[in-house]
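Chain by chain, the residues:
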Amino acid sequence: MGRPNIVFLFSDQQRWDTLGCYGQSLPVTPNLDRMAAEGVRFSQAFTCQPVCGPARAALQTGLYPTATGCFRNGIALPLEQKTIAHHLGSAGYQLGYIGKWHLASSIAGYGPGEDTGFNFHERPVPPERRGGYGDYWLASDVLEFTSHGYDGYLFDREGRKIEFPGGRYRPDALTDFALEYLTSGHLKRPFFLFVSYVEPHHQNDRRRHEGPHGSAEQFKGFDVPGDLVGTEGDWRREFPEYLGACHSLDQNVGRIRSELERLHLAQQTVLFYTSDHGSHFRTRNSEYKRSCHDASIRIPLLAAGPGFEGGRVVEELVSLIDLPPTLMEIAGVPPFVPLHGRALQPLVSGDATAWPREAFVQISESQVGRCVRTARWKYSVRAPNRDGWREPDSETYTEEFLYDLEADPHERANLVTSPDYGPMRNELASVLKQRMREAGEREPVIVQG
């Protein structure tokens, strides 16, 4: 077999525990559960930045958001920045992108109404701002602004508006376009298809989640996730629709896998499924993410296909930043320098050495924050008097959270001011500083609480 095809399915704001293979009790994700049983499930996967644009910049470039400058939403990926699409395209892969991009616009205040000349929220993304996806393009920069659950449009390679088919739920419509791509007859060499869904992200202008019709009734009997029990937030109203959106994504994963089988491509295609970040349903701050808590940063990550087979579960902590080198390894592309992550294949084969024992996360917008998450501990700091919308980093941070996840998996007891944990805080502060240096950041002063 030659180099495998790659299909990358990317959801938006999806908690890991919405999948049955991660513990969801309702039948939300039978297709993803089957994919995990046949492929590889990464049981401890985390984003490197719990907000849409920065996470996407990291996934496309292999660099932490502060290294690209895309540390918050509303900052365009620099034109000179090389991406996985550039490198796979140079290696002969056909490139396809469908859905939400979120890396073309630079907007000071961030919003659909402000136009600085670089606002492509509701306009076609020009070719030079598509991150190297030059072969096939059907996308909107911010799909939430050009669509709702049952209506909307994308822009094609020539900038023409392409409406959703009438009555189609948004994930169904995007998958329709993906299936058209797979059956187009134009795939003459290995291809890399990236499908970027909006679901289960809330619909911004309507301030609610939009699952497919019937979701509220279908999933009203949900088990409350432990981190939400007894909290405020809006999860009581929103969670059934959220699960309905996740269920739709799962059905569309099934459609794509079935079509790959029908086209006799499944045995030569690696399929990935993951998300940019999670959701805490306004229980940790005033919105849905942008915090260090697992509800914000822990994500599902599944892979199936050549090299990712056998129903294996990888227990080591992995990050979204590890996916670019993983994709390049699949494609046989030499890793470019610098890359901030590591290819996941050695973990799958059992040959990994000196794998990091923690995930490193940068946090913006709600704060200028940093955290490390180990198998047992969560340690987070924030910069005092710094604006998370305007400033990417700081010379000084103060301790904000310390959680013992073994004793407190739902992160209810903040130990950051307890004198009993001073040595642990010192150890984690040292690890955090090291990870910041490795990401190209200056080493800060961390003031203990």
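Thresholds, definitions, all that
- Counting restarts for each chain: residues are numbered from 1 in the order of the written sequence.
- With the structure being a predicted model, the display of local features is reserved for residues of pLDDT at least 70 and the display and counting of side-chain atom pairs for 80 or more, all residues being used for whole-chain, interface and lining totals.
- The side-chain numbers reported here are obtained from all heavy atoms of the structure, hydrogens and water having been left aside.
- Lines fitted to C-alpha atoms define the axes, with helix axes restricted to the stretch in contact, and inter-axis angles between N-to-C directions lie between 0 and 180 degrees.
- Only DSSP runs of H or I covering at least 4 residues are called helices, and only runs of E covering at least 2 are called strands; the numbering of each starts at the N terminus.
- Roughly parallel means an angle under 35 degrees; roughly antiparallel, over 145; roughly perpendicular, 65 to 115; everything else is oblique.
- Contacts are assigned to residue pairs that have any heavy atoms within 4.5 Å of one another.
- Residue type decides the class: Asp, Glu, Lys and Arg count as charged, Ala, Val, Leu, Ile, Met, Phe, Trp, Tyr, Cys and Pro as nonpolar, and the leftover types, Gly among them, as polar.
- A simple rule labels every residue: compare its accessible area, found with a 1.4 Å probe on the protein chains alone, to the largest value its type can have, and call it buried under 20%, exposed over 50%, or partly exposed in between.
- When DSSP finds two or more bridges between two strands, those strands count as paired.
- Centres within 6.5 Å are what make two rings of Phe, Tyr or Trp a pair, Trp counting through its six-membered ring; a difference in plane orientation under 30 degrees is then read as stacked, over 60 as edge-to-face, and the rest as tilted.
- Our definition puts a charge over a ring when NZ of Lys or CZ of Arg is within 6 Å of the ring centre and also within 35 degrees of the ring normal.
- Definition used in this section: a nonpolar core is a set of buried Ala, Val, Leu, Ile, Met, Phe, Trp, Tyr and Cys residues joined via side-chain atoms within 4.5 Å.
- In this charge count, Lys and Arg are treated as positive and Asp and Glu as negative; neither His nor the chain ends contribute.
- Take a side-chain nitrogen of Lys or Arg and a carboxyl oxygen of Asp or Glu: if they are within 4 Å of each other, that pair is a salt bridge.
- Polar contact criterion, stated in full: a pair of N or O atoms within 3.5 Å, where within protein one must be able to donate a hydrogen and the other to accept it, and residues adjacent in sequence count only if both atoms are side-chain atoms.
- Our arc is simply the arc of the directions from the helix axis toward the C-beta atoms.

It is at 10 Å that the axes of helix H5 (residues 170-182) and helix H7 (residues 235-262) come closest, and there the two elements cross at 10°. As far as their axial angle goes, H7 and H5 are roughly parallel. The segment H5 lies against H7, with Pro 171, Asp 172, Thr 175, Asp 176, Leu 179 and Leu 182 engaging Ser 248, Leu 249, Asn 252, Arg 255, Ile 256, Glu 259 and Leu 260. Within the contact of H5 with H7, the residues separate by chemical class into six nonpolar, three polar and four charged.

Most of strand S15 (residues 377-382) is tucked away: five of the six residues are buried. With five bridges connecting them, strand S14 (residues 369-374) and S15 associate as antiparallel partners. Bridge pairing in S15 links Cys 371 to Ser 380. Two successive antiparallel strands, S14 and S15, enclose a turn made up of two residues. Where S15 and strand S16 (residues 396-404) come together, six bridges link them in antiparallel fashion. The residue of S16 that forms the bridge with Tyr 379 is Leu 402.

Our next topic: the environment of Ala 295. With respect to the element layout, Ala 295 can be found in helix H8 (residues 294-297). Ala 295 sits in the buried class, given a relative accessible area of 5%. Separated by 128 residues in sequence, Ala 295 and Gly 167 place their C-alpha atoms 32 Å apart. With sequence-adjacent residues up to four places away left out, Ala 295 is seen in contact with Arg 15, Trp 16, Asp 227, Gly 278, Ser 279 and His 280.

Before going further, it helps to spend a moment on the packing of aromatic side chains. Under the counting rule described, the total for this entry stands at 26 aromatic pairs. Seen from their ring centres, Phe 222 and Trp 235 are 6.4 Å apart, and the 80° between their planes marks the pair as edge-to-face. Of this pair, Phe 222 sits in the loop between helix H6 (215-218) and H7 while Trp 235 sits in helix H7, and the two are 13 residues apart along the sequence. Relative accessible area serves as the criterion here: at 6%, Trp 235 is assigned to the buried category. When the ring of Phe 222 is compared with that of Phe 239, the centres are 4.9 Å apart and the planes differ by 50°; the resulting orientation is tilted. With Phe 222 in the loop between H6 and H7 and Phe 239 in helix H7, the pair connects residues that are 17 residues apart, well separated along the chain. Phe 239 shares its class with Phe 222; the two are buried. In textbook terms, an aromatic cluster arises when at least three aromatic residues are bridged by ring pairs, as seen for Phe 8, Phe 10, Tyr 97, Trp 101, Tyr 133, Trp 137, Phe 192, Phe 194, Phe 272 and Phe 308. Positioned over the ring face of Tyr 153 is Lys 161, at 4.2 Å from the centre of the ring.

What follows concerns the nonpolar core. Formed by 72 residues in total, the largest nonpolar core has its most connected members in Phe 42, Tyr 133, Phe 192 and Phe 272. Those residues in contact with Phe 192 that lie beyond four places of it in its chain are Ile 6, Phe 8, Ile 84, Leu 88, Tyr 93, Gln 94, Leu 95, Gly 96, Tyr 133 and Leu 327. With 36 residues, the next largest nonpolar core counts Ile 98, Phe 164, Phe 177 and Phe 191 among its residues.

The subject of this paragraph is the side chain of Lys 289. Position of Lys 289 among the secondary structure elements: in the loop between strand S9 (269-275) and H8. Buried Lys 289, no salt bridge; nearest opposite-charge side chain is Glu 287, N-O distance 4.8 Å. A distance of 2.6 Å separates a polar atom in the side chain of Lys 289 from a polar atom in the side chain of Gln 13. Ignoring sequence-local partners within four residues, the contact set of Lys 289 consists of Gln 13, Pro 50, Val 51, Cys 52, His 201, His 202, His 277, Gly 278, His 280 and Ser 296.

With mixed pairing, the five strands of this open sheet are ordered in space as S13-S14-S15-S16-S17. Edge positions in the sheet fall to strand S13 (358-363) and strand S17 (445-447), since each has one partner strand and no second. Neighbour-to-neighbour, the strand axes of the sheet open up by a mean angle of 25°, direction not taken into account. Across six bridges, S13 lies against S14 in antiparallel orientation. Considered in S14, the bridge of Val 361 is made with Cys 371. Of the strands in this sheet, S13, S14, S15, S16 and S17 touch helix H11 (residues 422-438), which is tilted by about 115° from S14.

The next subject is the packing of helix H1 (residues 30-38) against H7. The contact between H1 and H7 brings their axes to 7 Å, and the two run at 55°. The orientation of H1 relative to H7 falls into the category oblique. Contacts between H1 and H7 involve Pro 30, Asn 31, Leu 32, Arg 34, Met 35 and Glu 38 on the former and, on the latter, Asp 250, Gln 251, Val 253, Gly 254 and Arg 257. Here the contact of H1 with H7 is composed, by residue class, of four nonpolar, three polar and four charged.

This part covers H1. Every buried residue of H1 is listed here: Asn 31, Leu 32, Met 35 and Ala 36. Axial view of H1: buried residues confined to an arc of 140°, hence all on one face. Against the buried residues of H1 lie strand S2 (40-46), H7, S9 and strand S11 (301-304).

Attention shifts here to the environment of Tyr 93. Within the secondary structure, Tyr 93 sits in the loop between helix H4 (84-90) and strand S3 (94-100). For the pair formed by Tyr 93 and Ala 343, sequence separation is 250 residues and the distance between their alpha carbons is 19 Å. A polar atom in the side chain of Tyr 93 sits 2.6 Å from the backbone oxygen of Pro 4.

With that out of the way, let us pick up the environment of Pro 27. Relative to the elements of secondary structure, Pro 27 occurs in the loop between strand S1 (5-12) and H1. The exposure class assigned to Pro 27 is exposed, which follows from its relative accessible area of 62%. Put simply, Pro 27 and His 102 are 75 residues apart on the chain and 31 Å apart in space, counted from C-alpha to C-alpha.

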